[in-house]
Every structure is written in C-alpha cells, then in structure tokens.
Amino acid sequence: MTTAPDKSFDVIIIGGSYAGLSAAMALGRSLRKVLVIDSGLPCNRQTPHSHNFLTQDGKTPAEIAAIARNQVGQYKTVEFHNGLASRGTKQGKGFLIETQDGQHFVAKKLIMASGIKDQMPDIKGFSEAWGISVIHCPYCHGYEFSGQQTGIFANGEKAIHLAGLVHNLTRKLSMFTQGKAEFNPEQLHLLEKAGIPVVEDQIAEIGHEDGYLNHVMLNNGSRIPLRALYAAIPFLQHSDIHATLGCQMTAGGHIQVDATQKTSVPGVFACGDNSSPMRSVSSAVYTGTMAGAMVNMELVGEEF
C-alpha cells in the first residue's frame, strides 16, 4: 500500500503519555519528523496526584501530561494524531501503521509507548477506587497513606514483596489473599514476626467515598476498616502491534528490551509501562528519553 508523502515519518510513536512524549521531545530536538499516535486514555487517569517526580511532585497526572504535550508541540517536526493505532506491519525497511479510523502512516522506526491495561477483579467498588486508595506502588502513593490502616491484596511471592515495602510505611497492615494463602513456612514466619494477619476470606466489596477507602466487606459479612489497599493485579498490553511484529516478551508479560530500549525486532523500540515493571512517571520519562535518543542514533548510523 502506498501512502501520501505527508504521511511518511522518520519515527512513529504509539502512545502519547509520559514515555511517548519524552521520546518525541528527544527526537524533535534532533529535527526528526515524528508522529505521535495517542488515544488519550492513560492508565493513571483516575489518580488524583503524581509523586516521586522532581519538580512535579503533587501535581495531577493530567496536568503534567498537558504541560508535556504543549512543550513537545513546540517542536515543528513533531505531529500528533488523536486515535488508536490498530495494526502494524513491516514494510520494506520500515513500518506501516494503520489507525482505527482508517488512516495509514509509514516510518523508518517505531517506538511502542502504548502502556498497559490493568485487569480489575470483579469486586464492587474496586475499579472506582483504583489509583486513588486502591493502589499499586508504595513509591508513588505510600507516603500519603503512611501510618494508616492498610491492606495488601495479593498472594504468594508478590504479597511478600509488597509486605516488606509497605511494612516500612505502616505497622497497621493486613494481608488479603482472596482465597487460600500460598505461602511457604518461611514466608508465614516472616508475616507472623511482622505482625501481619493473613485473611483468606474473599473481599466482596470495597467501601469508599469518591474512591477513598473506608473499609472492605468480606464474603462472610465482616467489615474491616482500611484507608489504603495495595493490589497486585494482572495486566494486558494496551496494544498488540508489538506481538504481530514478533517482539519477544518477558516472563512477567512486558515487552523485552535491552538497556537502550531496543526490542528483539530491528527498528522497534519500547518504553514506559509496557516494557518495565517500574511503573512511575519518572521511570517512563527516563525510558522514553532513552528510546528517543537511541532511535536518533540508529538513524544517524544509517544516514551518515
């Protein structure tokens, strides 16, 4: 399929949140012709405040993203397409990207900054409180809930990993395994030593006001007061274009990248949540900047 000349780019970036915008800025400052395709639905859109990011601590995610998009938009070689990238194929030495609204674009290089989709359990109130008081990251949210009644919604190794981090922030801690606990004797000893009770009865409902927890209701009818619940829940990749192109994945479900954000497919890079278990704005910015710089370096190597 041929495309119009104005639909040809040096780089297409799929995803226009923090990682994608950071990659676009690095490339725009290198005078690369860039297209950012974004659907406008970041995974942290419910989160009231972003933390652990220097100069932006306490601002809303939407505010940070709006400032970033405005700044990236000042670079005249960077263009935006509001929509969803639905299909990607290899075309010659580059890539053809099709959007959900039927547009076609081609580029020499591709950066996947498409993020992930959290898979919410079927528990009343869970999704409404997600990112507000049902949270995933002690570094992003822990300080604000320190010293308060807190739960961990996880089992096995993930639960133990979270327990150590959260126990440093509050001693008012309970473990909710949502069924039979999957801990070995050594792990059970650790939890007992730390004074963390293990609750196997399933959570039936998250009691909250405008997303802020006040209790959880168990299937047996018990109400347990809580102000925060750390939840280790599964996720899916927000886009499957990397898969159709043949990118290798990690055991944890992320796109496999090297230290320069290269995937296993030549010409395809990935950055942000889709390729890192460290889910934070600062991490996304770093990996996006790295991806943009390394894509530019690869182009330089091919052209110079």
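Everything below is about the structure shown above.
To start, this report covers the structure provided alongside it. Note that this is a predicted model, so its numbers are computed, not measured.

**Details of the nonpolar core**
Reasoning step 1: Counting residues in each nonpolar core, the largest one holds 23 residues, and the members touching the most others are Val11, Ile13, Ala24, Leu27, Val34, Ile111 and Val295.
Reasoning step 2: Of all elements in the fold, only strand S1 (8-14), helix H1 (18-28), strand S2 (34-38), helix H2 (61-72) and helix H8 (281-303) reach the threshold of two or more residues within this core.
Reasoning step 3: Counting residues per element, this core draws most heavily on H1, which supplies 6 residues.
Reasoning step 4: Listed in part, the 19 residues of the second largest apolar core include Leu35, Ile37, Ile97 and Ile255.

**What about the sheet that holds strand S10 (residues 173-176)?**
Hydrogen bonds along the backbone pair up the strands of a sheet, which may run parallel or antiparallel.
Reasoning step 1: Reading across from one edge, S8-S15-S9-S10-S11 is the order of the 5 strands in this open sheet, with parallel pairing throughout. If you trace the sheet from one side to the other, it starts and ends with strand S8 (134-135) and strand S11 (198-199), each paired once.

**Considerations on the packing of aromatic side chains**
Reasoning step 1: Here the structure, examined in full by the defined rule, presents 3 aromatic pairs.
Reasoning step 2: Arranged with centres 6.0 Å apart and planes meeting at 15°, the rings of Phe126 and Trp130 form a pair that is stacked. In terms of burial, Phe126 and Trp130 fall into one category: buried.
Reasoning step 3: Here the aromatic cluster, defined as three or more aromatic residues joined through ring pairs, consists of Phe126, Trp130 and Phe153.
Reasoning step 4: It is Lys7 that lies over the ring of Phe105; its NZ or CZ is 5.7 Å from the centre.
Reasoning step 5: The ring of Phe9 has Lys33 lying over it, and the distance from NZ or CZ to the ring centre is 5.2 Å.

**Regarding H8**
Reasoning step 1: Compared with the 33 Å implied by 1.5 Å per residue over 23 residues, the 33 Å span of H8 between its first and last C-alpha is a close match.
Reasoning step 2: Of the residues making up H8, those classed as buried are Val281, Ser283, Ala284, Thr287, Gly288, Ala291, Gly292, Val295, Asn296, Glu298 and Leu299.
Reasoning step 3: For H8, the secondary structure elements touched by its buried residues are S1, H1, strand S6 (104-112) and strand S17 (268-270).

**Comments concerning the sheet that holds strand S12 (residues 203-209)**
Reasoning step 1: Strand order across the open sheet formed by 3 strands is S12-S13-S14, with antiparallel pairing between neighbours. Strands with a single pairing partner mark the edges of an open sheet, and in this sheet they are S12 and strand S14 (223-225). Pairwise comparison of adjacent strand axes, ignoring direction, gives a mean angle of 25° for this sheet.
Reasoning step 2: Pairing analysis gives 6 bridges linking S12 to strand S13 (residues 212-218), with the strands arranged antiparallel. Note that in S13 the partner of Gly207 across the bridge is His215.

Thresholds, definitions, all that
Residues numbered from 1 in each chain as written. Predicted model: local features only at pLDDT ≥ 70, side-chain atom pairs only at ≥ 80, totals over all residues. Heavy atoms only, no water. Core = buried A, V, L, I, M, F, W, Y, C linked by side-chain atoms within 4.5 Å. Buried < 20%, exposed > 50% of the residue type's maximum accessible area, 1.4 Å probe, protein only. Helix = DSSP H or I, 4+ residues; strand = E, 2+ residues; numbered from the N terminus. Pairing = 2+ DSSP bridges. Phe/Tyr/Trp six-rings, centres within 6.5 Å; stacked < 30°, edge-to-face > 60°. Lys NZ or Arg CZ within 6 Å of the ring centre and 35° of its normal. Expected span 1.5 Å × (residues − 1). Contact = heavy atoms within 4.5 Å. Axes fitted to C-alpha atoms, helices over the stretch in contact; angles between N-to-C directions.

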